[in-house]
Amino acid sequence: MYDMKALYQAADVADAVALRLAHPEAQIIAGGSDVLVQMREGKRAGAELISIYGLDELRGVSLEEDGTLRIGSLTSFSHITQDPLIQKYVNVLGEAVDQVGGPQIRNIGTIGGNTCNGVTSADSASTLHAYDAIVELTGPDGVRRQPIHDFYIKAGKVDIRAGEIQTAILIPKESYENTFGHYIKYAMRNAMDIATLGTSVNVRLSADKKTVERVRVAFGVAGPVPLRAGTAEALAVGQSLSMDLAERFAQAVKEDINPRDSWRAARDFRMHIAVESTKRAFIESVKKAGGEL
Ligand SMILES: Cc1cc2nc3c(=O)[nH]c(=O)nc-3n(C[C@H](O)[C@H](O)[C@H](O)COP(=O)(O)OP(=O)(O)OC[C@H]3O[C@@H](n4cnc5c(N)ncnc54)[C@H](O)[C@@H]3O)c2cc1C
C-alpha cells in the first residue's frame, strides 16, 4: 500500500539523531497523519522513514523550574486539550488544537508534526506565535532553542538542520502569565476542514482590569507562514478598554497581514475575516480576563 524503501525505528532521541545522520534522505514520521497521507497519494515514492513515535520521553506537558511550559513534540492534540497545565495557563491552545480535523486525527496528530510541516494553516501555529513559543531542536551538537517566528522560513519550510529533530515546544512564563486568549478558526465547515483563516488573540489586563497591559494577535493563512500583527498590538498597549479600541485594534491588523487569493477564499474576503475575527477574539479574550468593553 505504501511505497516505502525502509522504516527505521528510533530507540531514543540520541538514536533518532544518529539515524538522521546515517540516513540524511530519510524523513521523520511522528503520528503520520501528514506523511502517510502524502505517501498514499503517491508522493515520496520509495521513501525512507525514521519513526520517532515510540519515544515516550517526547510526550506530555510539564513545567520547567523557571515556570516555562514544556510541551513534548509527540504530544497529541487530544492530550493537549485535556492537559491540566494547558487548561490552567494557555487554555486557548487546547481550544485551538481541539479544532483540528476530527477525533481520530486529534488522537494521532502531534504538535511537533503540526509545526514541522511548515504549513500556514496549522491550527496550533497562530496561538504558538501569539505566545512567543520557543522551538527546541536536538541534534548532533546538542539542544538548540529558537523563537517560533524564526523557525518558519517560508511556506512548507522550517529551520530543522542536519541530524536534528524537534523535541519540544516551550512557552515562557513571561508570555503566558495572567493572559487570557481566544482562537477563531474560520473554515468552510465545522469539522475535517483546514482553516481559511485562523486568528489567535490573548490579552493581559491591568490590575483594575480597565487597561490593556499587553495584547497579542497572530494569524494562520494571512501570509505564507503564520505571523503576528505587531502594528495592532502596539496600538492597543496602554489603552483603556472600549468597543472603539476593539474596532481600531482589529482594523490595524490590515497593516501587517498579506493573505492570498486561493480556491478557498479571495484575498479581500480573508482580509475581512481577519478584521472581524480579531475584533471578536479580542472581545472574548477581554471577557475571559474579567474586563468589560
Ligand atoms: C483528515 C485530516 C484532517 C486534518 N485536519 C487538520 C486541521 O484541521 N488542522 C491542522 O492544523 N492540521 C490538520 N491535518 C494535518 C495533520 O493532522 C497535522 O499537521 C498533524 O499535526 C501532523 O502531525 P503528525 O504527528 O501526524 O505528523 P507527521 O505526518 O508524522 O509529520 C508531519 C511532518 O513533520 C515532520 N515531523 C513530525 N514530527 C517531527 C519532529 N518531532 N521533528 C522533526 N520533524 C518532524 C515530518 O517529517 C513531516 O514532514 C489534517 C490531516 C488529515 C489527514
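Please read these numbers as outputs of a predicted model, since none were measured by experiment.

Colleague: Please explain the overall build of the protein chain as it appears in this structure.
Modeller: Counting its regular elements, the protein chain contains 13 helices and 14 strands. Computed over the C-alpha atoms, the radius of gyration of the protein chain is 19 Å, within 12% of the 19 Å expected from 2.2 N^0.38 for a compact globule of 293 residues. A principal-axis box enclosing the C-alpha atoms of the protein chain has dimensions of 60 × 45 × 30 Å. When burial is assessed residue by residue, the protein chain has 45% of its 293 residues classed as buried. Across the protein chain, contacts joining residues at least 24 apart in sequence account for 64% of those joining residues at least 6 apart.

Colleague: Just checking my understanding: could you explain the site of the ligand for this structure?
Modeller: Not every one of the 30 residues close to the ligand is listed here, only the nearest: G31, S33, G101, G113 and N114. Residue contributions to the shell around the ligand peak at four residues, all from helix α7 (residues 111–116).

Colleague: It is not clear to me how the pairing of strand β10 (residues 165–171) should be interpreted in this structure. Could you clarify?
Modeller: With six of seven residues buried, β10 lies mostly within the body of the structure. Note: strand β5 (residues 69–72) against β10, four bridges, orientation antiparallel. Along β10, the bridge assignment pairs I71 with I169. Pairing analysis gives five bridges linking strand β6 (residues 134–139) to β10, with the strands arranged antiparallel. Its bridge partner lying in β10, L137 is registered against Q166.

Colleague: Mind showing me how you'd approach helix α1 (residues 13–22) here?
Modeller: Taken together, the buried positions of α1 are A16, V17, L19 and R20. Angularly, the buried residues of α1 cover 160° about the axis, an arc narrow enough to put them on a single face. Along α1, the residues that are exposed and aim more than 90 degrees away from the buried face are A14 and A22. On the buried face of α1, the contacting elements are β1 (4–9), β3 (47–51), β6 and β10.

Colleague: Could you clarify how one ought to interpret the domain arrangement of the protein chain in this entry?
Modeller: Interfaces are often sized by the amount of accessible area the parts lose when they come together. Domain boundaries in the protein chain define domain 1 (4–51), domain 2 (56–174) and domain 3 (179–288). Just the C-alpha atoms count here: the centres of domain 1 and domain 3 sit 36 Å apart.

Colleague: Please explain the environment of G67 as it appears in this structure.
Modeller: Tracing the backbone through its elements, the reader meets G67 in the loop between β4 (61–63) and β5. A residue is classified by how many C-beta atoms lie within 10 Å of it, and G67, with 13 of them, is partly exposed. Distance from G67 to E177, taken between C-alpha atoms, is 9.4 Å for residues 110 residues apart in sequence.

Colleague: When you look at the sheet that holds β1 in this model, what are you seeing that I'm missing?
Modeller: Strand pairs in the sheet, formed through backbone hydrogen bonds, run parallel or antiparallel to each other. The parallel open sheet is built from three strands, whose spatial order is β1-β3-β2. Strand pairing shows two members of the sheet lacking a second neighbour, β1 and β2 (27–29), which therefore form its edges. Ignoring which end each strand starts from, the neighbouring axes of this sheet average 30° apart. As paired strands, β2 and β3 are joined by three bridges and run parallel to one another. Residue pairing across strands places I29 opposite S51, the latter belonging to β3.

Colleague: In this structure, what is going on with helix α12 (residues 243–252)? I would like to understand it.
Modeller: Residues spaced three or four apart along an α-helix face the same direction, because each turn holds 3.6 residues. Listing the buried residues of α12 in full gives F249, A250 and A252. Take α12 and look down its axis: the buried residues cluster within an arc of 160°, on one side only. Relative to its buried face, α12 has exposed residues pointing more than 90 degrees away, namely M243 and D244. Check the buried side of α12 and you find it contacts α11 (230–236) and α13 (267–288).

Colleague: Sorry, what's going on with the packing of α12 against α13 here?
Modeller: Each pair of packed helices gets described by two things: the angle between the helix axes and the distance between those axes. Remark: α12 packs on α13, axes separated minimally by 8 Å, with the N-to-C direction vectors making an angle of 140°. By the criterion of interaxial angle, the relationship of α12 to α13 is oblique. The two elements α12 and α13 cross, and the hand of that crossing is right-handed. Here A246, E247, F249, A250 and Q251 of α12 come into contact with α13, specifically with V275, T278, K279, F282 and I283.

Colleague: Where do I start with unusual backbone geometry in this structure?
Modeller: Positive phi, normally seen in glycine, also occurs at D132, with a value near 50°. Tracing the backbone through its elements, the reader meets D132 in the loop between α8 (125–130) and β6. For D132, a count of 18 C-beta atoms within 10 Å corresponds to the partly exposed category. A positive phi angle, close to 70°, is found at V221, a residue other than glycine. Tracing the chain through its elements places V221 in the loop between β13 (212–220) and β14 (227–228). Judged by the 31 C-beta atoms lying within 10 Å of it, V221 falls in the buried class.

Quick notes on the rules
Every residue gets a number counted from 1 within its own chain, in the order that chain's sequence is written. Reporting of local features is limited, given that this is a predicted model, to residues whose pLDDT is at least 70; pairs of side-chain atoms are given and counted only at 80 or more, and all residues count toward the totals for whole chains, interfaces and linings. Runs of E in the DSSP output that reach at least two residues are strands. Runs of H or I that reach at least four are helices, and both are numbered from the N terminus. To get the radius of gyration, use the C-alpha atoms; to get the globule rule, take the number of residues to the power 0.38 and multiply by 2.2 Å. Partly exposed residues are those whose C-beta has more than 12 but fewer than 20 other C-beta atoms within 10 Å; 20 or more makes a residue buried and 12 or fewer makes it exposed, with C-beta atoms placed from the backbone. Contacts are defined on C-beta atoms placed from the backbone: any two residues whose C-beta positions lie within 7 Å are in contact. Each residue gets a C-beta atom placed from its backbone. If that atom is within 6 Å of a molecule or strand, the residue is near it. The criterion for strand pairing is that DSSP finds at least two bridges linking the strands in question. As used here, the arc belongs to the directions running from the helix axis to the C-beta atoms. Note that the domain bounds were set by an automatic or database domain assignment. Working convention: axes come from line fits to C-alpha atoms, limited for helices to the stretch in contact. Angles between N-to-C directions cover 0 to 180 degrees. With respect to orientation, any angle under 35 degrees is reported as roughly parallel, any angle over 145 as roughly antiparallel, any angle of 65 to 115 as roughly perpendicular, and every other angle as oblique. Left-handed describes a crossing whose near helix is turned anticlockwise from the far helix by less than a right angle; the clockwise case is right-handed.

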